[in-house]
4 protein chains.
Amino acid sequence: MAKTAAKKTARKKTTGRGRAADVTYKSYLDLPALLAAQNPISDVGNGKHAHDEMMFIVVHQTYELWFKLVLFELDRIQSVFGKKVVADADLRVVSASLARIVDIMKLLVRQLDIMETMTPLDFLDFRHVFRSASGFQSLQFRELEVRLGLAQKDRVGYDGKSFENFLPADDRKTLHAIMKKTALIDQLDRWLSRTPFVEMSGFSFWKTYRKAVADMIEGDRKTVKASRKMPAAARAAELEKLDNMQAQFALLLDRKKGDAALPWRLSQKALQAALLIKLYRDQPALQVPHSILNSLMDLDELLALWRYRHALMAQRMLGTKMGSGGSTGHDYLAATASKHRIFHDLFTLSTFPTPRSRLPKLPRKVAEKMGFRYWDKAE
Amino acid sequence: MAKTAAKKTARKKTTGRGRAADVTYKSYLDLPALLAAQNPISDVGNGKHAHDEMMFIVVHQTYELWFKLVLFELDRIQSVFGKKVVADADLRVVSASLARIVDIMKLLVRQLDIMETMTPLDFLDFRHVFRSASGFQSLQFRELEVRLGLAQKDRVGYDGKSFENFLPADDRKTLHAIMKKTALIDQLDRWLSRTPFVEMSGFSFWKTYRKAVADMIEGDRKTVKASRKMPAAARAAELEKLDNMQAQFALLLDRKKGDAALPWRLSQKALQAALLIKLYRDQPALQVPHSILNSLMDLDELLALWRYRHALMAQRMLGTKMGSGGSTGHDYLAATASKHRIFHDLFTLSTFPTPRSRLPKLPRKVAEKMGFRYWDKAE
Amino acid sequence: MAKTAAKKTARKKTTGRGRAADVTYKSYLDLPALLAAQNPISDVGNGKHAHDEMMFIVVHQTYELWFKLVLFELDRIQSVFGKKVVADADLRVVSASLARIVDIMKLLVRQLDIMETMTPLDFLDFRHVFRSASGFQSLQFRELEVRLGLAQKDRVGYDGKSFENFLPADDRKTLHAIMKKTALIDQLDRWLSRTPFVEMSGFSFWKTYRKAVADMIEGDRKTVKASRKMPAAARAAELEKLDNMQAQFALLLDRKKGDAALPWRLSQKALQAALLIKLYRDQPALQVPHSILNSLMDLDELLALWRYRHALMAQRMLGTKMGSGGSTGHDYLAATASKHRIFHDLFTLSTFPTPRSRLPKLPRKVAEKMGFRYWDKAE
Amino acid sequence: MAKTAAKKTARKKTTGRGRAADVTYKSYLDLPALLAAQNPISDVGNGKHAHDEMMFIVVHQTYELWFKLVLFELDRIQSVFGKKVVADADLRVVSASLARIVDIMKLLVRQLDIMETMTPLDFLDFRHVFRSASGFQSLQFRELEVRLGLAQKDRVGYDGKSFENFLPADDRKTLHAIMKKTALIDQLDRWLSRTPFVEMSGFSFWKTYRKAVADMIEGDRKTVKASRKMPAAARAAELEKLDNMQAQFALLLDRKKGDAALPWRLSQKALQAALLIKLYRDQPALQVPHSILNSLMDLDELLALWRYRHALMAQRMLGTKMGSGGSTGHDYLAATASKHRIFHDLFTLSTFPTPRSRLPKLPRKVAEKMGFRYWDKAE
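What counts, and at which threshold
- Residues numbered from 1 in each chain as written.
- Chains lettered and ligands numbered in written order.
- Predicted model: local features only at pLDDT ≥ 70, side-chain atom pairs only at ≥ 80, totals over all residues.
- Heavy atoms only, no water.
- Helix = DSSP H or I, 4+ residues; strand = E, 2+ residues; numbered from the N terminus.
- Buried < 20%, exposed > 50% of the residue type's maximum accessible area, 1.4 Å probe, protein only.
- Contact = heavy atoms within 4.5 Å.
- Axes fitted to C-alpha atoms, helices over the stretch in contact; angles between N-to-C directions.
- Parallel < 35°, antiparallel > 145°, perpendicular 65-115°, else oblique.
- Left-handed = near helix turned anticlockwise from the far one by under 90°.
- pLDDT = per-residue confidence, 0-100.
- Buried area = accessible area lost by both parts, 1.4 Å probe.
- Salt bridge = Lys/Arg side-chain N within 4 Å of Asp/Glu carboxyl O.
- Polar contact = N/O pair within 3.5 Å; in protein donor to acceptor, adjacent residues only side chain to side chain.
- Nonpolar A, V, L, I, M, F, W, Y, C, P; charged D, E, K, R; others polar.
- Expected span 1.5 Å × (residues − 1).
- Least-squares fit on C-alpha atoms with pLDDT ≥ 70 in both.
- Phe/Tyr/Trp six-rings, centres within 6.5 Å; stacked < 30°, edge-to-face > 60°.
- Core = buried A, V, L, I, M, F, W, Y, C linked by side-chain atoms within 4.5 Å.

1. With respect to the overall build of chain A
Move 1: Broken down by element type, chain A carries 17 helices and zero strands.
Move 2: Looking at chain A as a whole, 61% of its 379 residues qualify as buried.
Move 3: Sequence-distant contacts, at least 24 apart, represent 75% of the contacts inside chain A between residues at least 6 apart.

2. Details of the packing of helix α12 (residues 268-279) of chain C against helix α13 (residues 284-318) of chain C
Residues and elements named next belong to chain C.
Move 1: Viewed as axis vectors pointing N to C, α12 and α13 meet at an angle of 110°, and their least axial separation amounts to 9 Å. In terms of their interaxial angle, α12 and α13 are classed as roughly perpendicular. Relative to α13, α12 is oriented so that their crossing is left-handed. On α13, the residues that touch A274, L276, I277 and K278 of α12 are L286, P289, H290, L293 and M297.

3. Let's talk about the confidence of the model for chain A
All names here are of chain A.
Move 1: Mean pLDDT over chain A stands at 84; residues scoring 70 or higher make up 87%.
Move 2: Of all secondary-structure elements in chain A, the lowest mean pLDDT belongs to helix α1 (residues 2-11), at 42, while helix α4 (residues 53-81) reaches the highest, 98.
Move 3: Per-residue pLDDT stays below 50 along residues 1-20; that stretch engages in 16 contacts with residues further than four places along the chain or on separate chains.
Move 4: When the criterion is pLDDT under 50, residues 322-326 qualifies, and its contacts beyond four places in sequence or with other chains add up to 25 contacts.

4. Notes on the interface of chain D and chain B
Accessible area lost on assembly of the parts is the figure often given for the size of an interface.
Move 1: Counting from both sides, the interface comprises 68 residues of chain D and, opposite them, 67 residues of chain B.
Move 2: Contact between chain D and chain B buries roughly 6800 Å² in total, counting both sides, with carbon and sulfur atoms accounting for 64%.
Move 3: Applying the counting criterion to the chain D and chain B interface returns eight salt bridges.
Move 4: Note that D103 of chain B and R110 of chain D form a salt bridge whose closest N and O atoms lie 3.5 Å from each other.
Move 5: At the surface where chain D touches chain B, the tally comes to 26 residue pairs in polar contact (both at pLDDT 80 or more).
Move 6: Elements with a minimum of two residues in the side of chain D that touches chain B: α1 (2-11), α2 (25-28), α3 (31-34), α4 (53-81), α5 (91-115) and α8 (169-179) of chain D.
Move 7: When residues of the side of chain D that touches chain B are assigned to their parent elements, the largest contribution, 18 residues, is made by α4 of chain D.

5. Some words on the environment of A250 of chain B
Residues and elements named next belong to chain B.
Move 1: With respect to the helices and strands, A250 occurs in helix α11 (residues 232-253).
Move 2: The class of A250 is partly exposed, set by a relative accessible area of 39%.
Move 3: When the C-alpha atoms of A250 and P289 are compared, they prove to be 25 Å apart, with 39 residues separating the residues in sequence.

6. A short note on helix α7 (residues 139-148) of chain A
Each α-helix turn comprises 3.6 residues. Residues three or four places apart therefore point the same way.
All names here are of chain A.
Move 1: The element α7 is largely enclosed, with a buried count of 10 among its 10 residues.
Move 2: The set of residues buried in α7 consists of L139, Q140, F141, R142, E143, L144, E145, V146, R147 and L148.
Move 3: Where α7 is buried, its residues contact α4, α8 (169-179), α9 (184-193), α13 (284-318) and α14 (330-339).
Move 4: One or two steps after α7, the chain reaches G149, where phi turns positive at roughly 130°.

7. Some points on the interface of chain A and chain C
Move 1: Each side of the interface is counted separately: chain A has 68 residues, and chain C has 67 residues.
Move 2: Together, the buried faces of chain A and chain C total about 6800 Å²; carbon and sulfur atoms form 64% of this surface.
Move 3: For the interface between chain A and chain C, the tally reads eight salt bridges.
Move 4: Between D52 of chain A and R100 of chain C there is a salt bridge; the shortest N-O distance is 3.0 Å.
Move 5: For the pair chain A and chain C, the number of links is 26 residue pairs in polar contact (both at pLDDT 80 or more).
Move 6: Going through the elements one at a time, α1, α2 (25-28), α3 (31-34), α4, α5 (91-115) and α8 of chain A are the ones with two or more residues in the side of chain A that touches chain C.
Move 7: It is α4 of chain A that provides the largest number of residues to the side of chain A that touches chain C, a total of 18 residues.
Move 8: Of the residues that constitute the side of chain A that touches chain C, the class distribution is 30 nonpolar, 18 polar and 20 charged.

8. A short note on helix α13 (residues 284-318) of chain B
Move 1: Taking 1.5 Å as the rise per residue, α13 of chain B with 35 residues should run 51 Å; its terminal C-alpha atoms sit 52 Å apart, in good agreement.
Move 2: In terms of residue burial, α13 of chain B counts as a mostly covered element, since 31 of its 35 residues are buried.

9. Considering the pattern of salt bridges
Move 1: Tallied over the full model, the rule gives 110 salt bridges over all chains.
Move 2: A single network of salt bridges, built from pairs that share partners, joins D103 of chain A, R110, D113, E116, R309 and R316 of chain C together with K106, D298 and E301 of chain D.

10. What about the relation of the copies chain D and chain B?
Move 1: The operation relating chain D to chain B is a screw motion whose rotation component is 180°, with 0.0 Å of axial translation and a residual RMSD of 0.1 Å. In the structure described here, the two chain copies are related by an operation that fits a two-fold rotation axis.
Move 2: Most of the interface of chain D is mirrored in chain B: 99% of its interface residues are interface residues there too.

11. Some points on the environment of L299 of chain B
Move 1: Relative to the helices and strands, L299 of chain B is located in helix α13.
Move 2: In the structure, L299 of chain B is positioned 165 residues away from S134 of chain B in sequence and 24 Å away in space, judged by C-alpha atoms.

12. A short note on the relation of the copies chain A and chain C
Move 1: Superposing chain A onto chain C takes a rotation of 180° combined with a translation of 0.0 Å along the rotation axis, leaving an RMSD of 0.0 Å.
Move 2: Mapped onto chain C, 99% of the interface residues of chain A again fall at the interface, so both copies present the same surface.

13. Describing the packing of aromatic side chains
Move 1: In total, this model carries 44 aromatic pairs over all chains according to the counting rule given.
Move 2: Centroid distance F81 of chain A to W191 of chain A: 5.0 Å. Interplanar angle 50°. Geometry classified as tilted. Note that F81 of chain A is positioned in helix α4 and W191 of chain A in helix α9, a separation of 110 residues in sequence.
Move 3: Residue classification places W191 of chain A among the buried positions, given a relative accessible area of 13%.
Move 4: Their ring planes at 70° and their centres at 5.8 Å tell us that Y209 of chain B and F249 of chain B sit as a pair that is edge-to-face.

14. A few points about the nonpolar core
Move 1: Of all hydrophobic cores here, the largest spans 468 residues; its most connected members are Y28 of chain A, Y28 of chain B, Y28 of chain C together with Y28 of chain D.
Move 2: With near-sequence residues (within four places) excluded, Y28 of chain A lies in contact with V23 of chain A together with I41, E53, F56, I57, F126, V129 and F130 of chain C.

This is the structure we're talking about:
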């Protein structure tokens with residue numbers, strides 16, 4: 001990306017501030033190039049293209065434009081999180097860029113409505129022209145997945161192979177370079193791990209919290225045991241689930257284990273901080289971090305939703321026929337919806353929080369640290 | 001439903017046309033009753049309710065109001081399809097009611113956005129108050145599923161039991177009565193089976209069409225065999241899939257088999273008609289039927305999407321904890337998204353259609369029958 | 001447009017069906033050109049661009065891509081309506097293209113959400129770079145307005161001048177050529193005017209209908225006179241309005257007047273046909289025409305809504321400052337929302353229809369003509 | 001509202017935490033009452049109601065349910081702003097409630113889509129039954145307007161009268177009581193006016209800022225004068241506009257004038273604070289206040305958009321006929337869209353901000369005050 005952008009800027013360097021007067025709507029948006037890029041190749045006779053091919057091209061091109069913007073916003077987010085110290089003043093732009101990405105993702109889910117104004121029969125008129133091509137090969141979307149933190153080993157296999165095999169050689173190379181950089185989830189881990197309030201002298205948060213969660217799990221256990229409607233097998237399954245939850249929770253709090261032994265992508269320290277942020281999100285210093293975690297969950301969910309709608313559409317268009325590019329369409333996409341989750345650990349945390357009424361109260365000293373300095377004189 | 005409505009009308013019978021002058025906005029919408037029905041029961045101390053419980057109640061109540069409207073539109077659709085002869089003039093209201101249902105379903109998917117303005121922690125403040133209650137118990141939603149045609153045997157098991165066990169006795173009785181009536185999918189089957197153009201003297205459509213599809217499958221087979229990128233195992237799997245498709249197609253056209261032996265919910269005759277409608281949808285007599293089939297696919301897809309978003313939300317709110325009502329939340333909901341499909345056969349048809357260029361042309365006589373009478377003199 | 005497209009096809013003519021095997025996702029969508037067309041020109045120091053300029057560019061470019069698709073769908077619609085005889089079989093694609101345009105317009109209104117993730121302050125960082133450029137200069141949007149039928153004389157003045165003065169010379173020329181072609185509203189007029197059922201031997205529809213409407217207006221007049229809550233001045237105004245309505249209605253039915261003397265853009269004959277279609281839309285032959293009229297009203301409304309949201313956004317971004325391109329922003333846009341209505345006459349028709357219960361019944365002979373031929377033998 | 005709620009709670013007081021086990025989905029949502037409240041009263045013969053009346057009722061009832069929730073969220077917001085000192089820790093819930101209201105308003109705009117699945121002709125079938133009733137009489141919507149801060153004197157006249165005359169006596173009384181309470185805009189004014197950073201010893205912000213804005217206006221003036229494309233009359237108008245802007249800006253900064261003499265609803269002090277928040281929104285202490293101001297602008301814009309879409313719908317349904325309730329429909333609604341703006345002053349501020357590059361830098365001491373205490377030791 002970066003390189004291409006540099007080249008572009010060079011090409012355009014004559015257009016500086018001094019030349020602004022000459023800028024027209026058309027030149028500013030490079031419309032001659034943009035509007036010449038829709039070139040249907042189907043042939044339904046008499047030199048005509050299949051009517052819906054134009055729609056198909058435009059929908060995909062708008063997707064690519066939005067992906068470009070999503071990656072651009074991700075640049076800003078990663079640049080802030082990549083700094084040695086993440087300044088509080090920089091968190092607003094992180095929050096703003098995430099909110100924008102979330103809104104774009106909502107639009108992209110909605111946008112599939114337009115694709116579905118095409119019927120399967122209309123699609124058949126030109127489906128064959130790109131038999132070996134597929135949205136599967138979108139480099140920008142792959143870049144997005146990689147930069148957010150989707151690990152190669154967590155990917156759903158595709159016809160028994162890694163998706164990389166289906167990319168052109170240069171794209172594969174570009175992607176490999178991107179894989180070497182720190183992903184957002186790892187930057188997030190580092191940032192969370194440094195949250196200052198998790199361990200503070202004399203702060204017995206974890207001890208109190210541990211008890212609150214243990215009580216909650218115990219309560220659930222009693223409810224299950226007392227449930228007359230639940231068949232024996234289901235009851236056993238539920239109780240086992242509670243045992244697992246308790247075990248997971250022990251892992252979360254047990255400081256001796258190394259992160260590699262834990263079932264999470266995020267480190268123990270980062271998870272503890274995330275939990276603290278969720279629980280005490282009303283504290284001034286945690287309000288913006290909390291909204292950032294929330295947006296990351298929104299994003300994760302919207303990516304899953306987009307994949308799922310995509311899967312439904314594939315089924316509608318193709319039935320059980322091969323997807324374009326040789327994929328198995330619906331099944332592959334539906335599998336990615338449930339497995340390509342990146343910020344999944346943030347959802348898992350919902351297992352632990354306790355009702356606010358049982359929340360251990362923050363010691364006054366700790367709470368004060370989470371406030372603004374401007375009160376210092378006012379008080 | 002019907003009974004309640006009757007009772008209501010009785011209660012209100014003083015409000016006839018003659019009294020219209022006395023109707024106010026408030027009385028017309030029965031606002032005193034409507035706005036008194038939001039009664040939070042949580043207790044977070046000091047006699048206060050958990051703040052987000054009101055939102056939770058309102059969101060669910062709006063869902064129930066929309067479900068009522070969806071069932072009401074379904075009444076009109078089923079009443080038309082329930083007639084001995086379905087008049088062409090009645091198809092417009094079927095089409096209009098379906099379009100309205102589809103638009104409502106889109107709103108219901110969108111509406112989950114508002115539920116997600118609640119964080120898991122906020123939910124924990126009052127989740128316990130309805131531990132044994134759950135959206136799972138919505139009688140109207142169950143009615144919708146049953147009336148569309150979701151068969152009991154096709155339902156995802158729930159804690160190893162039928163969902164009925166979780167309904168109050170009177171609701172179960174109501175639902176059983178509804179199950180005895182003809183579902184929409186069966187009415188659709190009957191209507192499609194009577195489509196007049198499928199078999200017409202001298203019309204060799206099926207013969208020609210059979211050849212067109214066979215050619216298409218053969219083409220796909222060659223492509224797979226020639227694909228250098230596909231590993232041997234994947235190639236074998238694809239070829240097997242094509243064999244299955246060919247076998248399925250044989251089933252669709254083979255008149256000797258009984259419907260019970262076929263892998264579809266719709267009868268062979270109905271499927272053939274649906275295929276004809278899809279292929280020749282430009283013919284005047286098939287334009288509205290085609291839009292009806294399209295809307296049914298939209299509806300099926302939107303129900304799946306709604307279930308899936310619901311599943312994602314359950315995961316966000318509850319992590320891996322028990323869902324309310326004892327359900328396992330996310331997993332159950334995600335399973336229903338992929339398995340509770342009712343008009344699935346209409347999607348399967350997308351396997352068969354051929355590119356328009358290979359479509360057998362309708363004989364002039366048959367095409368004429370599909371036109372309007374008003375041309376008779378004009379020509 | 002046409003010319004450019006031709007040139008493009010020429011440039012790409014090597015990409016025929018035979019070469020489909022070489023098509024990749026990237027080449028098919030011309031991604032190298034597409035993704036090189038975002039070139040911010042602002043300078044906030046250190047060689048950096050204002051962050052939100054990229055978003056600004058991408059949003060506008062997606063608008064232009066969608067406009068291209070809307071114009072493409074309009075091509076198909078106008079090509080059908082431009083034929084000597086509009087075949088019933090062709091109405092489905094008109095209806096499908098209109099539905100797609102309507103769905104795209106909904107997306108475009110929704111898409112402004114993303115623009116509004118930018119704050120006015122962010123906009124100020126780069127607003128000056130295109131001072132003389134403006135969305136006002138979008139040739140494609142102007143083409144859309146002209147081809148739908150927005151007449152030059154009905155346009156809101158812009159800084160006391162025609163908008164044309166702000167277009168580059170070549171765009172102005174292109175637009176003038178488009179103005180010379182028949183607009184959709186004129187094609188619609190011709191099509192409606194030929195509706196066969198408006199005048200049929202022995203059909204006394206107009207006579208009966210005239211009486212039904214007269215009765216309705218008289219009823220309204222009585223209600224106004226009896227309204228105790230209405231102050232005298234308001235009552236007088238309402239009565240005057242009813243008088244005007246009655247006068248308008250007389251114009252609609254009076255065959256002697258020429259169209260030039262009438263207050264509508266559509267001809268008297270076309271309006272009468274539109275009214276007939278609305279009233280008897282359940283008749284098979286009128287179902288699809290009715291849905292076409294409905295979509296045109298949707299489109300008209302969505303264009304107004306888009307302009308209005310645009311006006312609100314301008315106000316938010318610019319306050320009362322000059323819009324880009326020298327426009328007065330909010331006020332100009334808000335004025336176009338209410339005045340640049342093209343299918344306004346279809347809305348006016350809502351003044352006339354009568355409750356269904358008072359609808360004159362169609363003579364059996366006329367109704368029969370509106371049905372399909374396939375019943376001929378069945379009966 | 002409050003009273004009714006109290007009564008309700010009394011009626012339900014048996015349902016406490018101890019009884020939670022008995023709660024069912026049906027009882028929790030009070031479905032028997034909720035689903036009995038849809039009672040069409042039209043009569044199209046044979047004891048049948050007009051089909052679309054049910055949709056009409058359900059749409060309005062869901063609006064009223066959402067309004068109830070919006071008012072409930074407003075309760076929380078106003079309770080925070082009503083406190084003597086607004087704690088920073090409470091701003092998160094203000095921000096969350098505002099975000100929820102904004103999302104609900106988006107849904108309400110979207111929801112009109114469903115109303116528009118009704119054609120004008122369908123509406124005519126039952127429009128007469130509530131001739132004197134109208135959405136105009138929604139007490140909850142009036143309460144919303146009043147509590148946000150729409151002043152009686154700023155309202156668009158309605159048939160030459162105040163809208164109050166159309167309300168039932170008890171509703172009018174309820175509304176008068178609400179009018180006596182402090183509106184949100186006045187609470188906002190008080191909160192903004194107390195922003196601590198506006199005046200700080202040695203802080204010459206206003207002086208520097210005044211110069212920056214003056215420079216910007218001067219720049220615009222030069223551009224206008226140099227614009228060759230602008231006709232003389234338009235140029236004169238633009239220059240006059242710039243003069244007005246400069247005069248307005250003088251008002252904003254001139255400390256001698258009293259607020260009553262100023263053209264704004266918000267006080268001079270509040271506006272200055274709002275400007276400071278906008279300009280230095282990246283400072284930790286201003287991030288959440290900035291997002292609150294943004295949400296208020298969203299809300300104001302969405303209310304206008306909702307009114308405008310409503311106006312378009314009225315035109316479609318009724319043409320130029322009288323609206324229900326005697327209103328003139330479209331024109332009244334369109335007028336309220338542009339005139340019933342409550343947080344308009346926040347939009348006006350967009351006139352003043354300067355490009356970031358010219359922003360006076362905050363003195364280190366002031367900036368420090370806007371940070372968190374937890375850094376104190378870290379540094």
